[in-house]
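The residues making up each chain are set out below.
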Amino acid sequence: MRAVVGPNAVLQLAAALRAEGGDALAAEVFGAAGQSWLLEVPPTLMVDEAVPAALSDALWEVYPHGAAKVAAEAGRRTADYVVANRIPDVAKRLLRVLPDWLAARLLLTAIRKNAWTFAGSGTCAVAVPGEALVLDDNPMPMPGAIWHRAVIGRMVASLLHPATRLDHVTCLHSDTRACFAVRPPGSDGAAPCVKCRMRR
C-alpha cells in the first residue's frame, strides 16, 4: 500500500495557483502533472504521496520563476487551515502562556505525532535540546523544503510567542532531509541541525 498525505497538499496548492495566475495557471500545472481531474473533483480524503510530488515537479517545470512563491503560499494556507480547524482553542491558549521553550517543544511534538499527514512515507522526529524537528526521506522534496518550511513556520508564528522564529537547515548529505529549529525570543543566530550535526 502506498503512503498517503493529507488532501491540503493538493487543495491549497490549487488555491495558491489560482491566487497567483487564475484558473489557467492551475490548469496548466495540474495538467502537466496528469492530475487535471483533481481540479474538478477536489480530494476530501488522504491522497497518495505521489500526487503532490508530481504536482511539485510540474510546478517547477511550468512556472519556474514563481514556483517558490506559490509553494510558500500553499504551505501558509495549509497551516492556516490546520490552526483554524484541527487545533483546539484550549491548546492554542495553553501554548501562548507556557514558557517559550516548553511551548515550542510541545508544538513540535504535536506536529511530529501528526507527521503522517504531510510526511507520507518519510519520518519525522523531534531532537532536543534545541527544539528541532527533523524530516527524513521526504517524499515531497522542494528546493529549500519551502512548502514544509512555510507550513511549520506559519504554525510557529500563529501559535507561539510573536518573536519566535523558525530556522531551516538543509542537510548537505541528503536532498530529502531537512531540520527546522524553533528559535525562542532572545536566542542566538546559530541554527543547529541536531541529527546531522550541521550548521547554517
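Let me sum up the structure you'll find in this document.

What counts, and at which threshold
- Every chain is numbered on its own, with residues counted from 1 as its sequence reads.
- In keeping with the predicted nature of the model, local features appear solely for residues at pLDDT of at least 70, side-chain atom pairs appear and are counted solely at 80 or more, and the whole-chain, interface and lining totals rest on all residues.
- As a rule here, side-chain values cover all heavy atoms of the structure and leave hydrogens and water aside.
- A helix here means a DSSP run of H or I that spans at least four residues, while a strand means a run of E at least two residues long, and both kinds are numbered starting from the N terminus.
- Here the expected length of a helix is defined as 1.5 Å per residue gap, with one fewer gap than residues.
- Contact between two residues is taken to exist if any of their heavy atoms lie within 4.5 Å; hydrogens are not considered.
- Residues grouped as a nonpolar core are buried Ala, Val, Leu, Ile, Met, Phe, Trp, Tyr and Cys residues, joined through side-chain atoms within 4.5 Å.
- Think of it in three bands: residues with accessible area under 20% of the maximum for their type are buried, residues over 50% are exposed, and the middle band is partly exposed, with areas taken using a 1.4 Å probe on protein chains only.

### With respect to unusual backbone geometry
- Of note in the backbone geometry, aspartate 137 takes a positive phi value of approximately 55° without being a glycine.
- Even without being glycine, alanine 145 reaches a positive phi, approximately 50°.
- When you line up the elements, alanine 145 lands in the loop between strand E4 (132-136) and helix H8 (146-159).

### What about helix H4 (residues 67-85)?
- Compared with an ideal rise of 1.5 Å per residue, which puts 19 residues at 27 Å, H4 spans 27 Å between its outermost C-alpha atoms and is within 8% of the ideal.
- As for H4, its buried residues are in contact with helix H1 (8-32), helix H3 (50-62), helix H5 (89-97) and H8.

### A closer look at the nonpolar core
- Membership of the largest hydrophobic core comes to 58 residues, with the highest contact counts inside it found for Leu17, Phe30 and Leu59.
- Per element, the largest residue contribution to this core is ten residues, and it comes from H1.
- If near-sequence neighbours (up to four positions away) are discounted, leucine 17 is found in contact with Gly22, Leu25, Ala26, Val29, Phe30, Leu59 and Val70.
- Membership of the second largest hydrophobic core comes to six residues, among which are Ala127, Ala132, Val134 and Cys179.

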